[in-house]
Each structure stands twice: as structure tokens, then as C-alpha cells.
Amino acid sequence: MERRTKLNELDLVRAIAIIGVLMVHSTSAATVTMLDSSSYGLYNFLNNFFRIGTTTFIFLSSFVLFYNYYPQPLTAQRFKKFYRNRLSYIIIPYILFSGLYFIIKWYMNHKAWELSAMLPKFWDQLLVGKAHEHLYFVFINIQLYVLFPIILLLFKRYRWMAAWAIVIGLALQWGFFVFNREYWQVTNRGSWSPAYFGQYFLGAWFGIYFDRIKTWLIIAKEHVTRSRMVVWIVLWAAWLGFGAAHVTFYYQMKLLKVYHEQRTYDIVWDAYTMLTPLVLLQIAFLIGSRINRSWLVDGLRHLGVVSFGVYLVHPLVLMVYRKYPLGGGGTMLYHLWYAGGFACALGISWIVVTILSRLTGWSWLVFGSVPGQLKATYGEKPTEKRPVAPSA
């Protein structure tokens, strides 16, 4: 069966998502240190409104998998290739970066270099994605890749399940939330894939039916009808509304000590993060078609291609940057210092991943398919076909 059309706009969505990740991580300290400042509202907004990176990447991973695999015949050889190309080459970067961050933090905490103490601790953190705060995302992706062939088989055999994928995903996700609250009480709930089944099954549904529903999603002159305009307006209004509520809740909780029930936070968060990738897809198709081949679009596409590597590397940049805090100064200097953290996390990580991917033959071990994607996207001849890694 013929492969479906490659959607280059997805790289733009990845770029926006990784910018969101970097914004959250570079402003996290400011939400504590600037709590008594008149600028706290700004940092609260930046830290919470842009907290859409992980869930968007989960949506994209699912979207790409089902978009590419659902129309294809299922064979043992295809599943074998899937696990080799998708799973094995996520685990290698995950283990390598887990080890790197574990050693750095062990050194920073001035602990004794004793393997008998280090190895059990590292193993415990590796098994739950806790060697560093951001690695839980890769741990979640590993879980979802293990589940993908099973879900794909079910969706292909029972077409009604594919049609009701969003409802099924939300039911499973909220079943996990309820059972965890009442019985399991897992403390690191966000490190387990069922907490993201809503976003994952949403991506699956859009991947399967994208060709049928894209005229309802993509904003273009030839797609305009009264009913579609109503859908677009409602989508953006709901997205902005839930985003504002999410930001407000955290402002109330941290500054005013006003708390809501956990399910209220979950409902708003779930709605916001499920609407976000749809809005970002609309933005990506708009800018990709309107200002194609501009330096901005090319730059964003490049960032989207290297986003997985940037995701893995940027905490190391922030670690070094925060070793040199401001000793004093006015509020404006603090703003510039926090802005500098974001700029360094983005710029240095981007440059390092790009250079290593272009100039070395081993960078696929740590950045997955980035080398091959760079060569395919920017016209270089690949030296060797590399397996595909997750989209950050």
C-alpha cells in the first residue's frame, strides 16, 4: 500500500512544543524567587501557559505512528522492524543520558564514589525515569511504544474502537486517575503512560482519520464554510479559556494559597493539553503555507527536527548557567538573567545537537534519528540509514 503524504508541518509543531518545554524549565526558578515580586504574574503565566510540551509530543508521537502504520498491512516483519527502529533506539539515548545526569548530580551532591551505593540508586531511578526531572518523558514514550502494536491490532480488527478512540482514551485515563486516588495512590502519577491516554488516543484518532477531517482542522481559504468557522472559533475560545483557567489556578495556589480539588485541576489541564496540539497544528499549517521557505519557517523546521536532542541536552546547559546567578541588581537585571537562561538553553543545545549530528558518525546513539532527518530535510546525502527516534 502506498505511504501517506509526509506532513512537514509537524516539525513546526515540534518546534513550538520544544520552545514551550524550554520556557517552562527556564522560568521554574523564577516562580519561586520572584514570588514576592510584582512580576510574579508574568513568570507564572510563562511557566504554566507554556506547559504543553510533553503532552504535545505525546500527541505527535501517536499521530505519526497511526498516520503511517494504520493503513499498512500488519506483518511480523513490520512489527520486528518497528521495535528495532522505534524502541531500541529510544532506550539507548535514555540509558546514556540517565547515566550522564545521574553522575553529574551525584558529583554535585558530594557523594562518595562507591559502586555498591551508586548502581542500586541508578537502577531505581532508571526504572521510573527519575535520573533527571525531564527524562520521565522518554520513560513514558518507551511505555507507549510497547503498547502501540497491541492498540494498533485492536483498532484494525475492531474499527469501532478506532472511531471511538478519543472516548476510550479519556475513559482509561480517568479510570487511572480515579483508581489511583482511591486505591493505588502512586505518588509519581505523571511518570506512567495511562496519565496521558487522553492525549495519546487523541493523536491516534487524528492520525487514522486525518485525511478525512483535515478540511475541518486546517484553516485555509478553500476550506472556509460557516460551520467550519464556528468550529475554529469554538476551538480557539475553549483553548484560551482553559489555558487562562490553568494559569489562574496556579497563581491562586502559589500566591494566594487558594486550592481546588484535584479533579478540578485535572479537568482543566486535560482539556487545555488536548486542545493545544489542535491549535498548534492550525498554526503550523498557517505559517507553513503562508510564509513558506522564509528564514523563520526554515529555522523552526530545523528546530523541530533536532527537538529530541535539544530536549535531552538543555537541562545540562541550565545546570551550568544557574551556577552563575546574579548577586544583586534591579528587577530588570533579573528579567535579563532569566531571559538569558532561556536563550542559552535554546541556542547552545540547538548548536551542540546540530554540530554533533552533522559531523560525527555516532550521534544517532544519543540523538536517535536526528542525523538522518537533518540530511533528508536539508538535502545532504545520508551516509547510513538510521532508526527513527521519538519526536522529543
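Residues numbered from 1 in each chain as written. Predicted model: local features only at pLDDT ≥ 70, side-chain atom pairs only at ≥ 80, totals over all residues. Heavy atoms only, no water.

1. Description of the overall build of the protein chain
1) Next: Each helix and strand counted, the protein chain has 17 helices and 0 strands in total.
2) Next: Rg of the C-alpha trace for the protein chain: 21 Å, near the compact-globule value of 21 Å for 392 residues, within the 12% margin.
3) Next: When its C-alpha atoms are laid out on the principal axes, the protein chain stretches across 60 × 55 × 50 Å.
4) Next: Expressed as a percentage of its 392 residues, the buried residues of the protein chain come to 51%.
5) Next: Restricting the contact set of the protein chain to residue pairs at least 6 apart, pairs at least 24 apart contribute 75%.
6) Next: Of the accessible surface of the protein chain, which amounts to about 19200 Å², a share of 67% is contributed by carbon and sulfur atoms.
7) Next: Considering the protein chain, the positive charge centre built from 37 side chains and the negative charge centre built from 16 side chains are found 6 Å apart. (Helix = DSSP H or I, 4+ residues; strand = E, 2+ residues; numbered from the N terminus. Rg over C-alpha atoms; globule rule 2.2 N^0.38 Å. Buried < 20%, exposed > 50% of the residue type's maximum accessible area, 1.4 Å probe, protein only. Contact = heavy atoms within 4.5 Å. Areas by Shrake-Rupley, 256 points an atom, 1.4 Å probe, with all protein chains shown as cover. Lys, Arg positive; Asp, Glu negative; His and termini not counted. Charge placed at Lys NZ, Arg CZ, Asp CG, Glu CD.)

2. A short note on the packing of aromatic side chains
1) Next: All chains considered together, the criterion is met by 44 aromatic pairs.
2) Next: On the basis of an interplanar angle of 80° and a centroid distance of 5.8 Å, the ring pair of phenylalanine 49 and phenylalanine 50 is categorised as edge-to-face.
3) Next: Classification of phenylalanine 50 as partly exposed rests on a relative accessible area of 25%.
4) Next: Here the aromatic residues Phe66, Tyr69, Phe82, Tyr83, Tyr145, Phe148, Phe155, Phe197, Tyr200 and Phe201 are joined through ring pairs into a cluster of three or more.
5) Next: A cation over a ring is seen here: arginine 51 above tyrosine 250, with NZ or CZ 5.3 Å from the ring centre.
6) Next: The ring of tyrosine 70 has lysine 156 lying over it, and the distance from NZ or CZ to the ring centre is 5.0 Å. (Phe/Tyr/Trp six-rings, centres within 6.5 Å; stacked < 30°, edge-to-face > 60°. Lys NZ or Arg CZ within 6 Å of the ring centre and 35° of its normal.)

3. Considering the environment of isoleucine 213
1) Next: Checked against the element boundaries, isoleucine 213 lands in helix 10 (residues 197-217).
2) Next: Discounting residues that sit within four places of it in the chain, isoleucine 213 has contacts with Trp205 and Phe206.

4. A few points about the side chain of glutamine 199
1) Next: Here glutamine 199 is to be found in helix 10.
2) Next: Judged by relative accessible area, which is 1%, glutamine 199 ranks as buried.
3) Next: Dropping the residues within four chain positions of it, glutamine 199 is found in contact with Thr55, Ile58, Phe59, Gln173, Asp270, Thr273 and Met274.

5. Looking at the confidence of the model for the protein chain
1) Next: In the predicted model, the protein chain carries a mean pLDDT of 89, and the fraction of residues at 70 or more is 92%.
2) Next: The low-confidence segment residues 380-392 (pLDDT under 50) makes 35 contacts with residues lying over four places distant or belonging to another chain. (pLDDT = per-residue confidence, 0-100.)

6. Description of the pattern of salt bridges
Opposite charge on two side chains permits them to pair, given that their charged atoms come into close proximity.
1) Next: Summed over all chains, the structure comprises 4 salt bridges.
2) Next: As a salt-bridge pair, arginine 181 and glutamate 182 come within 3.4 Å of each other at their nearest N and O atoms.
3) Next: Looking at arginine 181, the relative accessible area reads 39%, which means it is partly exposed.
4) Next: With a relative accessible area of 46%, glutamate 182 lands in the partly exposed category. (Salt bridge = Lys/Arg side-chain N within 4 Å of Asp/Glu carboxyl O.)

7. Some words on the nonpolar core
1) Next: Phe63, Phe66, Phe155, Tyr200, Phe206 and Phe210 are the most contacted members of the largest nonpolar core, which totals 100 residues.
2) Next: The contacts of phenylalanine 63, once residues within four sequence positions are left out, are Leu7, Leu10, Gly203, Ala204, Phe206, Gly207 and Phe210.
3) Next: If you look at the next biggest cluster of nonpolar residues, it comprises 6 residues, including Tyr43, Tyr321, Trp337 and Tyr338. (Core = buried A, V, L, I, M, F, W, Y, C linked by side-chain atoms within 4.5 Å.)

8. Things to note about the packing of helix 13 (residues 295-305) against helix 15 (residues 331-359)
1) Next: Packing of helix 13 against helix 15 leaves a shortest axis separation of 10 Å and a crossing angle of 70°. Accordingly, the angle class assigned to the pair helix 13 and helix 15 is roughly perpendicular. Each of Gly299, His302 and Leu303 in helix 13 lies in contact with helix 15, whose residues at this interface are Leu346, Trp350, Thr354 and Arg358.
2) Next: The residue makeup of the contact of helix 13 with helix 15, split by class, is 3 nonpolar, 3 polar and 1 charged. (Axes fitted to C-alpha atoms, helices over the stretch in contact; angles between N-to-C directions. Parallel < 35°, antiparallel > 145°, perpendicular 65-115°, else oblique. Nonpolar A, V, L, I, M, F, W, Y, C, P; charged D, E, K, R; others polar.)

9. Section: a nonpolar patch on the surface
1) Next: Taken together, the side chains of Ile150, Leu154, Tyr158, Trp160, Trp164 and Val167 present a nonpolar region at the surface, about 640 Å² in accessible area.
2) Next: Following the sequence through the fold, tryptophan 160 ends up in helix 8 (residues 159-163).
3) Next: With relative accessibility at 54%, the residue tryptophan 160 sits in the exposed group. (Patch = residues over 30% accessible without salt bridge, like charges linked within 9 Å, V, L, I, M, F, W, Y side chains within 5 Å.)

10. Overview of helix 10
1) Next: Across its 21 residues, helix 10 extends only 22 Å between first and last C-alpha, which sits more than 12% below the 30 Å expected from 1.5 Å per residue.
2) Next: The sharpest bend along helix 10 reaches about 95° and sits at phenylalanine 210.
3) Next: Among the 21 residues of helix 10, 16 are classified as buried, and the element is accordingly described as predominantly covered. (Expected span 1.5 Å × (residues − 1). Bend = angle between axes of the 7 residues up to and from the residue.)

11. Some thoughts on the packing of helix 10 against helix 11 (residues 226-256)
1) Next: For the pair helix 10 and helix 11, interaxial distance at closest approach is 9 Å and the crossing angle is 80°. On the basis of the axis angle, helix 10 is roughly perpendicular to helix 11. For the pair helix 10 and helix 11, contact is made by Thr215, Trp216 and Leu217 and by Ser227, Arg228, Val231 and Trp232, respectively.

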